[in-house]
Amino acid sequence: MAGLAVNVDHIATLRQARGADYPDPVAAAVLAELGGADGIVVHLRGDRRHVQDRDLYLLKQTVLSKLILEMAATPETLQIAADVQPDLVTLVPERREEITTEGGLDAIALTDTVSNAIEALHGRDIPVSLFIDPDRRQIEKARELNADMIEIHTGRFCDVKKPNEKSAAFADIETAAKRAKALDLGVNAGHGICYNTIKSFHGLSEIDEYSIGHSIVARAALVGMEKAVREMRALIVGI
Ligand code: PXP
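Now for a look at the structure at hand.

Reading the values: rules and limits
- Residues numbered from 1 in each chain as written.
- Predicted model: local features only at pLDDT ≥ 70, side-chain atom pairs only at ≥ 80, totals over all residues.
- Heavy atoms only, no water.
- Core = buried A, V, L, I, M, F, W, Y, C linked by side-chain atoms within 4.5 Å.
- Buried < 20%, exposed > 50% of the residue type's maximum accessible area, 1.4 Å probe, protein only.
- Helix = DSSP H or I, 4+ residues; strand = E, 2+ residues; numbered from the N terminus.
- Contact = heavy atoms within 4.5 Å.
- Pairing = 2+ DSSP bridges.
- Axes fitted to C-alpha atoms, helices over the stretch in contact; angles between N-to-C directions.
- 1 Å grid on protein atoms, 1.4 Å probe; cavity = no way out; pocket = protein on both sides within 12 Å on 5 of 7 lines; lining within 4 Å.
- Points joined across faces, edges and corners; volume = space filled by probe spheres on them.
- Nonpolar A, V, L, I, M, F, W, Y, C, P; charged D, E, K, R; others polar.
- Phe/Tyr/Trp six-rings, centres within 6.5 Å; stacked < 30°, edge-to-face > 60°.

**Here we look at the nonpolar core**
Ranked by size, the top nonpolar core spans 72 residues in total, and within it L91, L130, F201, Y210, I216 and M225 carry the most contacts. For this core, the element with the highest residue contribution is helix α8 (residues 163–182), accounting for 6 residues. When sequence neighbours within four positions are dropped, the list of residues in contact with I216 reads L4, V6, Y195, M225, A228, V229 and M232. In terms of nonpolar packing, the next biggest core, distinct from the first, is built from 5 residues, A5, V41, I68 and M149 among them.

Next up, the structure:
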């Protein structure tokens, strides 16, 4: 059965919007776990626009499931990851002007940076996932660079509206998931998945875990974190 990793970045976004001490992503993570989360995800961005170092260090002490750190492969974040020892690092691209992570990591163009980061993280016994587009060449590169897993960028599938574009985008995800599994890579998927789009994944058994943030936090604002996670978890059961 596929797992659900809950990204609590946007609880921190709400806090940072007012420069307040609340809501606390650490408290949100506890509630997400009570709702059935199989993991907690945070993205420590270079500009610290939402998650702060303090959040990451506290989550390391409080998360009972597993802690997944999303980060760009920079000397600063590699140092922090080595110090915090999350259960998984997902390497993502990062541009200051973007609203959220907009495209997958280009592991081909950034071979040296990605390869050095994987080596450094493996040296600290931290498994590494690469957040990449559903593209055969990127998947094969991930294998070649010794990544443990990939996270397939589902943003395009979730965003496009026209039915033919949607089915083509889903076919790309399906092909990518099967190719990655055939190469013995773990397969996560995430970005833009909501309570409707998750339903399309039924029958795609190659995906090990879904990484979902915005839609869950948005629903949590209305119904509460535990309930929002429980409802998403129920939609994933049986995929
Ligand atoms: N996976 C990765 C690599 C991401 O960068 C994000 C966004 O932070 C997510 C998953 C979650 O995306 P969303 O917030 O749209 O569910």
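Okay, back to it.
**Remarks on the sheet that holds strand β6 (residues 149–153)**
Ordered by their spatial adjacency, 8 strands build a closed barrel running β1-β2-β3-β4-β5-β6-β7-β8, and the pairing between neighbours is parallel. Between one strand axis and the next, the sheet turns through 25° on average, direction left out of account. Sheet analysis places strand β1 (residues 3–7) next to strand β8 (residues 209–212), joined by 4 bridges and oriented parallel. Across the sheet, residue G3 finds its bridge partner in β8, namely E209.

**Some points on empty space enclosed by the protein**
Taken as a whole and assessed by the stated rule, the structure comprises 1 cavity of 30 Å³ or more. Considered as a void within the structure, the largest cavity measures approximately 60 Å³ in volume. A5, V41, I68, E70, L88, T90, E151, N188, E209, Y210 and S211 together form the lining of the largest cavity. Elements with a minimum of two residues in the lining of the largest cavity: β3 (67–71), β4 (88–91) and β8. Considering each element in turn, the lining of the largest cavity owes the most residues, 3 residues, to β8. Each residue belonging to the lining of the largest cavity can be placed in one class, and the counts come to 5 nonpolar, 3 polar and 3 charged.

**Let's talk about the packing of aromatic side chains**
The tally for this structure, following the rule as stated, stands at 4 aromatic pairs. Ring centres of F157 and F201 lie 5.7 Å apart, and the angle between their planes is 90°; on these two criteria the pair is classed as edge-to-face. Remark: F201 occurs in the loop between β7 (186–190) and β8 and F157 occurs in helix α7 (residues 155–159); sequence separation between them is 44 residues. The interplanar angle of 75° and the centroid separation of 5.3 Å between the aromatic rings of F201 and Y210 together place this pair among those described as edge-to-face. For the pair formed by F201 and Y210, the shared burial category is buried. Pairwise contacts between aromatic rings join F157, F170, F201 and Y210 into one cluster.

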